[in-house]
Amino acid sequence: MNLKQQQYINGNWVDANVGNTRDIINPFNQEVIATVAEGDASDTKAAIAAAREAFDKGEWPTTPATERDAIVRRIAELIERDKEELARLESLDTGKTVEESRGDMEDIAGVFRYFAELADKDGGELIDSPIPNSISKVVREPVGVCGQITPWNYPLLQASWKLAPALATGNTLIMKPSEITPLTTIKVFELIEEAGVPAGVANLVLGAGNTVGAELSDNTDVDLISFTGGIVTGKKIMQAASVNVKKLALELGGKNPNVVFADADFEVAVDQALNGVFFHAGQICSAGTRLIVEERIHDEFVNALVERVKKFKLGNGFDEDTQMGPLISAEHLAKVEKYVETGIKEGATVAIGGSRPDDPELQDGFFYLPTIFTNCTTDMRIVQDEAFGPIITVEKFRTEEEAVKLANDSIYGLAGGVWTNDIAKAERCVAKMRMGTVWINDFNLYFPHAPWGGFKQSGIGRELGKLGMEEYTETKHIFQNLKPESMNWF
Ligand code: NAD
């Protein structure tokens, strides 16, 4: 593989301090596709020191925004140039279809372009000072040294949501990708170097969460942590970050309701309910895993889902006809299996799936069949916990109030959907749904211009959109007295 398999610290490609490495596995067949450096706390400290120096003494934070943006735009162009290589690398590493990865790469270039366009549009704000003979203005400045920690499900997409706004606003950073899917992030750091980002500004450390990730969260030279991942890890990071009151942006999990009223466009709602969950084998934070269907159409809706699921083609993400690839790892497959066992014990009914496939061609991969549970109630763990696998639970409702109540019955509040042709009804539901994103007659759609993030335990802060950029800035009020006078108090 023509890819550096090292860390990028202070403008140099380096092995791990103590020489450790980690094999990266293709989840379709368990073949080793790369062996990369496995850093630890000492590598992380070196990267933090480089980022600190680049922020405190380097020119990046005070470089005119237009110059920084030209570099961020150049990264977008390089991603576009190398998008096929990046897409294939992402599919090799995650098992998702190449078709999906190609879409991701287009989105990722768009994210870098969006933040490059946005960052030089904020010239600060003059405010109406109540003090005579004064000027009062508000400016935004970079936060400082940012620790960025990403998950394995959308490795480069999640990284782009952090890298692009941090660079565009003049911060320095240390990125830690998931230890099991680092390949496209390594490749993008090659492009960051090629685009001309100065040494020390963007650093890449490879390694585990409890070493590299923990050091980033604990270290008092880090000013901000932006984390995307599970809720348990998010809580640990929040505690650790309190050591120096780091700014925090947490994008955590979801257990997202998808409410279907009887007056919805039936065929489209069925189709999107499937896309909303089984894309990337359900390993999506915003997957619509809690399907909440009006009783009048419940049986017909479930039957339609089951008939469609029977025809799903599982396989190698590199085969053109594959619709769903494997799960990410043996460990994650075991977790999904356990979750299904729990659902059965709790009394839910498996309408389809509920096991690994028996196709001999899929035995080397971490495959699980698309699964639909019916007879589900909100007290069940399978309805409340995030499984992060290809599983839908179906609940029934009779009234609008009941639908909203079920949708909100969760510790999470990342995203949700409402399907109906009655727009007034949709608006009433949306106004009461406690989630960061709600789709009406759509599901799982996002773009760089709209903020992304969760209510409740789905997180703190927002990525993407103007808010996603503001996360990487501090607000400073500058007051200037044009006619200073003594107060003669003391
Ligand atoms: P995870 O929490 O296990 O790991 C995420 C990252 O945190 C990895 O890089 C990991 O190495 C690191 N980490 C682990 N322990 C750490 C520690 N103690 N300190 C610091 N870092 C640590 O999550 P995952 O299994 O990689 O990803 C799946 C989760 O991510 C799901 O819950 C999913 O919903 C969530 N997710 C959320 C969003 C969103 O936008 N809200 C997007 C994608 C994924």
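Engineer: Honestly, the overall build of the protein in this entry has me stumped. Any pointers?
Structural biologist: A count of helical and extended segments in the protein gives 15 helices and 22 strands. Relative to the globule expectation of 23 Å for 490 residues, the C-alpha radius of gyration of the protein, 24 Å, shows essentially globular dimensions. With the C-alpha coordinates aligned to their principal axes, the bounding extent of the protein is approximately 80 × 55 × 40 Å. The proportion of buried residues among the 490 residues of the protein is 58%. In the protein, of all internal contacts separated by at least 6 residues, the share reaching a separation of at least 24 is 73%. The positive charge centre, built from 48 side chains, and the negative charge centre, built from 74, are 4 Å apart in the protein.

Engineer: Sorry if this is basic, but what is going on with a nonpolar patch on the surface here?
Structural biologist: Judged by side-chain polarity, Leu126, Ile135 and Leu482 come together as a nonpolar surface patch covering roughly 290 Å² of accessible area. Summarising the element assignment, leucine 126 is placed in strand S5 (residues 125-127). The exposure class assigned to leucine 126 is exposed, which follows from its relative accessible area of 65%.

Engineer: Teacher, can you tell me more about the site of the ligand here?
Structural biologist: If you check the shell around the ligand, you find 29 residues, and the closest are Thr150, Glu179, Thr233, Leu252 and Glu386. Within the backbone of glycine 230, one N or O atom sits 2.8 Å away from an oxygen atom of the ligand. Looking at the shell around the ligand, the elements with two or more residues in it are helix H7 (209-218), strand S10 (224-228) and helix H8 (231-241). Looking at the shell around the ligand, its residues break down into 12 nonpolar, 12 polar and 5 charged. In terms of domain composition, the shell around the ligand takes at least three residues from each of domain 1 (3-252 + 458-477) and domain 2 (257-440).

Engineer: What exactly am I supposed to notice about the environment of isoleucine 174 here?
Structural biologist: Counting through the fold element by element, isoleucine 174 comes out in strand S8 (residues 172-176). On the basis of relative accessibility, which here comes to 0%, the residue isoleucine 174 falls in the buried class. Sequence spacing of isoleucine 174 and valine 14 is 160 residues, and the spatial spacing of their C-alpha atoms is 14 Å. Apart from residues lying up to four places away in sequence, isoleucine 174 is in contact with Ala47, Ile48, Ala51, Val145, Cys146, Gly147, Gln148, Asn203, Val205 and Leu216.

Engineer: Please clarify how empty space enclosed by the protein should be interpreted in this entry.
Structural biologist: In this approach, a probe sized like a water molecule rolls over the atoms, and the result shows the empty space that is left. With the rule as written, the count across this model stands at 3 cavities of 30 Å³ or more. Taken as a whole, the largest cavity spans an internal volume of roughly 50 Å³. What lines the largest cavity is Gly254, Lys255, Asn256, Gly282, Ile284, Cys285, Ala287, Thr289, Glu386, Ala387, Phe388 and Gly389. Looking at the lining of the largest cavity, its residues break down into 5 nonpolar, 5 polar and 2 charged.

Engineer: Even after reading the chapter, I still don't get the layout of surface pockets, so can you show me in this structure?
Structural biologist: Of the volumes computed, that of the second largest pocket is approximately 790 Å³. Elements with a contribution of two residues or more to the lining of the second largest pocket: helix H4 (98-119), helix H5 (155-168) and helix H9 (266-278). Per element, the largest residue contribution to the lining of the second largest pocket is 6 residues, and it comes from H9. Considering only residue class, the lining of the second largest pocket consists of 15 nonpolar, 13 polar and 9 charged. Shared between two domains, the lining of the second largest pocket takes at least three residues from each, and those domains are domain 1 (3-252 + 458-477) and domain 2 (257-440).

Engineer: Even after reading the chapter, I still don't get the sheet that holds strand S19 (residues 437-440), so can you show me in this structure?
Structural biologist: The strand order across the open sheet formed by 7 strands is S14-S15-S16-S13-S12-S18-S19, and the pairing between neighbours is mixed. A strand with exactly one partner marks an edge of an open sheet, and here the two such strands are strand S14 (349-352) and S19. Each adjacent strand pair in this sheet contributes to an overall mean axis angle of 25°, direction not counted. Where strand S12 (residues 257-260) meets strand S18 (residues 415-419), 3 bridges bridge the pair, whose relative direction is parallel. Paired with asparagine 258 across the strands is glycine 417, a residue of S18. H9 contacts S12, strand S13 (290-294), strand S15 (371-374), strand S16 (391-397) and S18 of the sheet and is inclined by roughly 135° relative to S16. Together, S18 and S19 form the strand contacts of helix H14 (residues 423-432), whose direction differs from that of S19 by roughly 170°.

Engineer: Honestly, unusual backbone geometry in this entry has me stumped. Any pointers?
Structural biologist: With the exception of glycine, most residues fall at negative phi, and the peptide bonds are largely trans. Unlike most non-glycine residues, asparagine 10 shows phi in positive territory, near 55°. Relative to the helices and strands, asparagine 10 resides in the loop between strand S1 (7-9) and strand S2 (12-14). On the basis of relative accessible area, asparagine 10 is assigned to the partly exposed category, the value being 41%. Its identity is not glycine, yet asparagine 375 carries a phi of approximately 55°, on the positive side. Examined against the element boundaries, asparagine 375 turns out to sit in the loop between S15 and helix H12 (381-384).

Engineer: I keep staring at the pattern of salt bridges and nothing clicks. Help me out?
Structural biologist: Opposite charge on two side chains permits pairing when their charged atoms draw close. Across all of its chains, the model carries 34 salt bridges by this definition. One salt bridge in this structure joins glutamate 100 and lysine 96, with 4.0 Å as the shortest N-O distance. Here glutamate 100 and lysine 96 have matching classes, each one buried. Arginine 296 is paired through a salt bridge with glutamate 294; the nearest N and O atoms lie 3.4 Å apart. Taking relative accessible area as the criterion, arginine 296 reaches 68% and is therefore assigned exposed. Look at glutamate 294 and you get buried, because its relative accessible area is 10%. Here the salt bridges share partners, and the residues they tie into one network are Arg81, Asp82, Glu85, Lys187, Glu190 and Glu194.

Rules used in this analysis
Sequence order as written defines residue numbering, which begins from 1 separately in each chain. Where totals are concerned, whole chains, interfaces and linings use all residues; where local detail is concerned, this predicted model gives features only for residues with pLDDT of at least 70, and gives and counts side-chain atom pairs only at 80 or more. Processing note: side-chain calculations cover all non-hydrogen atoms of the structure and skip hydrogens and water entirely. Elements are defined by DSSP. Helices are runs of H or I of four residues or more, strands are runs of E of two residues or more, and each kind is numbered from the N terminus. Atoms counted for the radius of gyration: C-alpha only. Globule rule: 2.2 Å times residue count to the power 0.38. Relative accessibility thresholds used throughout: buried, under 20% of the residue-type maximum; exposed, over 50%; partly exposed, between the two (1.4 Å probe, protein chains only). Any pair of residues with heavy atoms lying within 4.5 Å of one another is described as a contacting pair. Only four residue types enter the charge count: Lys and Arg as positive, Asp and Glu as negative, with His and the chain ends excluded. By convention, charge coordinates are those of NZ in Lys, CZ in Arg, CG in Asp, or CD in Glu. By definition, no residue in a patch forms a salt bridge, and every one has over 30% relative accessible area; like charges are joined within 9 Å, nonpolar side chains (Val, Leu, Ile, Met, Phe, Trp, Tyr) within 5 Å. Using a 1.4 Å probe, the Shrake-Rupley method yields the accessible areas, and only the shown protein chains count as cover for residues. The rule for a salt bridge is simple: a side-chain nitrogen of Lys or Arg has to be within 4 Å of a carboxyl oxygen of Asp or Glu. Throughout, near means a residue has at least one heavy atom within 4 Å of the molecule or strand. By the criterion applied in these results, polar contacts are pairs of N or O atoms within 3.5 Å in which, for protein atoms, one can donate a hydrogen and the other can accept it, and in which residues neighboring in sequence qualify only through two side-chain atoms. Note on residue classes: Ala, Val, Leu, Ile, Met, Phe, Trp, Tyr, Cys and Pro are nonpolar, Asp, Glu, Lys and Arg are charged, and everything else, Gly too, is polar. Domain start and stop points were drawn from an automatic or database domain assignment. Think of a 1 Å grid over just the protein atoms. A cavity is a set of points where a 1.4 Å probe fits yet cannot get out, a pocket is an open set with protein on both sides within 12 Å along at least five of seven lines, and lining residues have an atom within 4 Å of a point. Grid points are joined across faces, edges and corners, and a volume is the space filled by probe spheres set on the points. Between any two strands, at least two bridges found by DSSP are needed for them to pair. Where helices are involved, their axes are fitted lines through C-alpha atoms of the stretch in contact, as for all axes, and angles between N-to-C directions lie from 0 to 180°.

Everything listed here is a matter of coordinates, which is why it stays silent on function.
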